[in-house]
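The primary structure of each chain is shown beneath.
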Amino acid sequence: MIFWGLSCALPAQENAPQPIVLGQSYQLASRVLGQTRRVNVYLPPGYNKSGRRYPVLYLLDGGVQEDFFHIAGVATLAADFRRLREFIVVGIEGIDRYHDLLPPSAVEAEQKRFPTTGGAAAFREFISSELLPFVAEQLRVTDETVLMGESAGGLFVVETFLRQPALFHGYVAVSPSLQWDGQSIAKAAAEVLRSPSFPAGRRLYLSIADEGGGTQEGVERVVAALKETDPGKVEWTYTPMPQETHGTTFHPVALAAVRKFFAEAPEKR
């Protein structure tokens, strides 16, 4: 159940602190992962009475100690008439984020620094075969879906966009760690996007802060591939934010991407 705002003043003897609740949690037993995973959900305030179906933003690193409250807060702007359509946020809470979000790397230094990596394919299968059907069964949703992630999560977003593009309609990659594995994912982008089998109608919002180095190079490789792609295939936006750091860029990019993907339909005249 979702509660909005603060309760009214109570008599002194009843003036105990009251919780402010922004969402609800589910426990999803995953056969694919062999784990029970927590899923945190924000629903628009009128959800229980509207009878409507809503688009869904799927958030990587979506735990209550991760990014769930940040993005749920952005979603509340839609209920406050900020020219946004209301949408549901589904936060996928992390356990071992580097295992879940990063594919294997052939780079020895990366193997030593992040020894548990390599579970991205299984995590994508969990999302595809278990999480999306679960959400469709539990909640009133449309078929409009967006996947959002930052850093390692941004890499997972770009990899999913390239390897399994039909899984989501929209993708938001914030400062994706495209230096990973010698930029192998970025280097594959041009060939993947040229393929006749790549589905039309995908949307990608890509951003980078002041990271520089291999991260910047990887992002630029993906942007170069997008520039050579048939515009009918991919609607893409690239927003560099050199004024931001890796630690500050998520909020401004998330808001800009939400405004892009969930913009209110213009009024008919």
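As the structure is a computational prediction, the values presented were derived from the model and not from experiment. Numbering of residues starts from 1 in every chain and runs along the sequence as written. Local features are withheld for residues below a pLDDT of 70 in this predicted model, meaning they are given only at 70 or higher, and side-chain atom pairs are given and counted only at 80 or more; totals for whole chains, interfaces and linings count all residues. Water and hydrogen atoms were dropped before computing side-chain values, which therefore reflect all heavy atoms in the structure.

Draft legend 1. Representation of the overall build of the protein chain within the structure. Counting from the N terminus, the helices are DSSP H or I runs at least four residues long and the strands are E runs at least two residues long. Along the backbone of the protein chain there are nine helices and eight strands. In this treatment the radius of gyration is a C-alpha quantity, and the globule benchmark scales as 2.2 Å times the residue count to the 0.38 power. Its C-alpha radius of gyration of 19 Å places the protein chain within 12% of the 18 Å reference for a compact globule of 269 residues. Expressed along its principal axes, the backbone C-alpha trace of the protein chain runs to roughly 65 × 55 × 40 Å. A 1.4 Å probe rolled over the protein chains alone gives each residue an accessible area, and that area as a share of the maximum for its type sets the label: buried under 20%, exposed over 50%, partly exposed in between. Out of the 269 residues in the protein chain, the part that is buried amounts to 48%. The contact criterion used is simple: two residues touch if any of their non-hydrogen atoms lie within 4.5 Å. For the protein chain, contacts bridging at least 24 residues in sequence account for 73% of all contacts bridging at least 6.

Draft legend 2. Inspection of the side chain of R124 at higher detail. Residue placement: R124 occurs in helix α5 (residues 120–138). Judged by relative accessible area, which is 5%, R124 ranks as buried. Contact partners of R124, with chain neighbours within four places excluded, come to F156, E159, T160, R163, Q164 and L167.

Draft legend 3. Fine view of helix α7 (residues 180–194). Each helix should span, by expectation, one fewer than its residue count multiplied by 1.5 Å. Its 15 residues place the ends of α7 23 Å apart at the C-alpha level, agreeing with the 21 Å of an ideal helix rising 1.5 Å per residue. In the structure, α7 departs most strongly from a straight axis at A188, where the bend amounts to approximately 25°. What α7 keeps buried is the set W180, D181, Q183, I185, A186, A189 and L193. As for α7, its buried residues are in contact with α4 (108–113), α6 (152–163), α8 (213–227) and β8 (234–240). The reported bend at a residue is simply the angle between two axes, fitted to the 7 residues ending at it and to the 7 residues beginning with it.

Draft legend 4. Quick look at the confidence of the model for the protein chain. Summing up the model confidence of the protein chain, the mean pLDDT is 92 and the portion of residues at 70 or higher is 93%. Confidence drops under a pLDDT of 50 for residues 1–8, and excluding neighbours within four residues, the segment shows 15 contacts in the predicted structure. Every residue gets a pLDDT, meaning the predictor's confidence in that residue, from 0 to 100.

Draft legend 5. View of the sheet that holds strand β4 (residues 88–92). The mixed open sheet is built from eight strands, whose spatial order is β1-β2-β4-β3-β5-β6-β7-β8. Since the sheet does not close on itself, it has two edges, and those belong to β1 (24–30) and β8, each with one partner. This sheet shows a mean twist of 20° between the axes of neighbouring strands, independent of strand direction. Strand pairing follows a simple DSSP-based rule, namely that at least 2 bridges must link the two strands. Bridge analysis of strand β5 (residues 141–150) against strand β6 (residues 170–174) gives five bridges, and the strand direction is parallel. Paired with E150 across the strands is V174, a residue of β6. Strand contacts of α6: β5, β6, β7 (202–208) and β8, with the helix running at about 130° to β5, the strand carrying the most contacts. Fitted lines through C-alpha atoms serve as axes, helices being fitted only where they are in contact, and the angles separating the N-to-C directions of these axes extend from 0 to 180 degrees.

Draft legend 6. Representation of the environment of T145 within the structure. Looking at the secondary structure, you find T145 in strand β5. Classification of T145 by relative accessible area gives buried; the value is 8%. In this structure, the C-alpha to C-alpha distance between T145 and F87, residues 58 residues apart in sequence, is 9.7 Å. Ignoring any residue separated from it by four or fewer positions in sequence, one finds T145 in contact with V56, Y58, L167, F168, H169 and G170.

Draft legend 7. Spatial organisation of the packing of aromatic side chains. Any pair of Phe, Tyr and Trp rings, taking the six-membered ring for Trp, is counted once the centres come within 6.5 Å. Such a pair is stacked with planes under 30 degrees apart, edge-to-face with planes over 60 apart, and tilted for the rest. Per the counting criterion, the structure on display carries 12 aromatic pairs. With a centroid separation of 5.7 Å and an interplanar angle of 35°, the aromatic rings of Y47 and Y54 are classed as tilted. In this pair, the class of Y47 matches that of Y54, namely buried. Chaining the aromatic ring pairs together yields one cluster made of Y58, F161, F168, Y171 and F198.

Draft legend 8. Geometry of the side chain of T117. Structurally, the position occupied by T117 is in the loop between α4 and α5. Judged by its relative accessible area of 19%, T117 is buried. Whenever a nitrogen or oxygen atom comes within 3.5 Å of another N or O atom, the pair is scored as a polar contact, on the condition that within protein one atom can donate a hydrogen and the other can accept it, and that pairs from neighbouring residues in sequence are kept only if both atoms are in side chains. Only 3.2 Å separates the side chain of T117 from the backbone oxygen of F114, close enough to count as a polar contact. Every residue in contact with T117, bar those within four places of it in the chain, is listed here: Y98, H99, L102, P103 and W180.

Draft legend 9. The nonpolar core, seen in detail. If you look at the biggest cluster of nonpolar residues, it comprises 55 residues, and the most contacted ones within it are I88 and I127. Per-element tally for this core: the top contributor is α5, with eight residues. Dropping the residues within four chain positions of it, I88 is found in contact with V41, Y42, L43, P44, Y47, Y54, P55, V56, L57, L139, R140 and V141. Ranked by size, the runner-up nonpolar core spans 25 residues in total, among them L59, A75, V89 and M241. Only buried residues count toward a nonpolar core, which is a set of Ala, Val, Leu, Ile, Met, Phe, Trp, Tyr and Cys residues joined through side-chain atoms within 4.5 Å.

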